[in-house]
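As a plain string of letters, each chain reads:
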Amino acid sequence: MIDNIQNKKESRSKIRNPASEGASISFKPPGGVWEYQIKLRELSDSGLGLLVKQDSDLLKQISVGDVFTVNYHEDSVPMTVQHQTVQVRHISFPPTGIPENHMVIGLRFLEPDDDQ
């Protein structure tokens, strides 16, 4: 939820890479009605980052700690789709403040035996 939003300095130690131009994920938030498809902003070995508008309804439907499954779509020939369980690790303003009026949702990849 929006009250979980943090405005703090970047402290992540994993190297993040920009996502390929056509990479996206699709998912339905826990208890949600709508399925979202969002272009990926960045990814690392341990997770990925989504960029959403600050007034997006999605921010009302997810909270830090939520666990759900996403479908990762990679823009390749043929297009590949992978299913991955993720946990919402943070909802924060972009470290540089750009783009304005947007939030970053950080998702951590979970392994089947991870504690949730």
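Position labels on residues start from 1 in each chain and follow its written sequence. Local features in a predicted model are, by the rule used here, given only for residues with pLDDT of at least 70; side-chain atom pairs are given and counted only at 80 or more, and totals for whole chains, interfaces and linings are based on all residues. The basis for every side-chain value is the complete set of non-hydrogen atoms in the structure, without hydrogens or water.

Caption draft 1: Molecular detail of the overall build of the chain. Secondary structure elements are defined from DSSP: runs of H or I of at least 4 residues count as helices, runs of E of at least 2 residues count as strands, and each element is numbered from the N terminus. Assigned secondary structure in the chain consists of 1 helix and 7 strands. For the chain, the α and β elements follow one another from N to C terminus as β-β-β-β-α-β-β-β. Per-residue burial for the chain yields a buried fraction of 35% across its 116 residues. Any two residues having at least one pair of non-hydrogen atoms within 4.5 Å are treated as being in contact. Intrachain contacts of the chain at a sequence separation of at least 6 include 54% that bridge at least 24 residues. Each residue is placed in one exposure class: buried if its accessible area under a 1.4 Å probe, protein chains only, is under 20% of its type's maximum, exposed if it is over 50%, and partly exposed if it falls in between.

Caption draft 2: Looking closely at the pattern of salt bridges. Any Lys or Arg side-chain nitrogen located within 4 Å of an Asp or Glu carboxyl oxygen qualifies as a salt bridge. Taken as a whole and assessed by the stated rule, the structure comprises 1 salt bridge. Linking Asp57 and Lys60 is a salt bridge whose minimum nitrogen-to-oxygen distance equals 3.6 Å. Residue classification places Asp57 among the partly exposed positions, given a relative accessible area of 47%.

Caption draft 3: The pairing of strand β3 (residues 36-43), seen in detail. Between any two strands, pairing holds if DSSP finds at least two bridges. Sheet analysis places strand β2 (residues 24-27) next to β3, joined by 4 bridges and oriented antiparallel. Along β3, the bridge assignment pairs Phe27 with Tyr36. In this sheet, strand β4 (residues 47-53) lies alongside β3 in antiparallel orientation, the contact comprising 3 bridges. Across the sheet, Leu43 pairs through a bridge with Leu48, a residue of β4.

Caption draft 4: Highlighting the packing of aromatic side chains. Planes of paired rings set the category: under 30 degrees apart is stacked, over 60 is edge-to-face and the rest tilted, where pairs are Phe, Tyr or Trp rings (Trp by its six-membered ring) whose centres lie within 6.5 Å. Tallying each qualifying case throughout the model produces 2 aromatic pairs. Each ring, one from Phe27 and one from Tyr36, has its centre 6.1 Å from the other, and the planes form 25°; the classification is stacked. For the pair Phe27 and Tyr36, one class covers both residues: buried. Between Phe27 and Phe68 the ring centres are 5.1 Å apart and the planes differ by 25°, which places this aromatic pair in the stacked class. Separated by 41 residues along the polypeptide, Phe27 in strand β2 and Phe68 in strand β5 (residues 67-74) bring together distant segments of the chain. When sorted by exposure, Phe27 lands in the same class as Phe68, which is buried. Taken together, the ring pairs connect Phe27, Tyr36 and Phe68 into an aromatic cluster.

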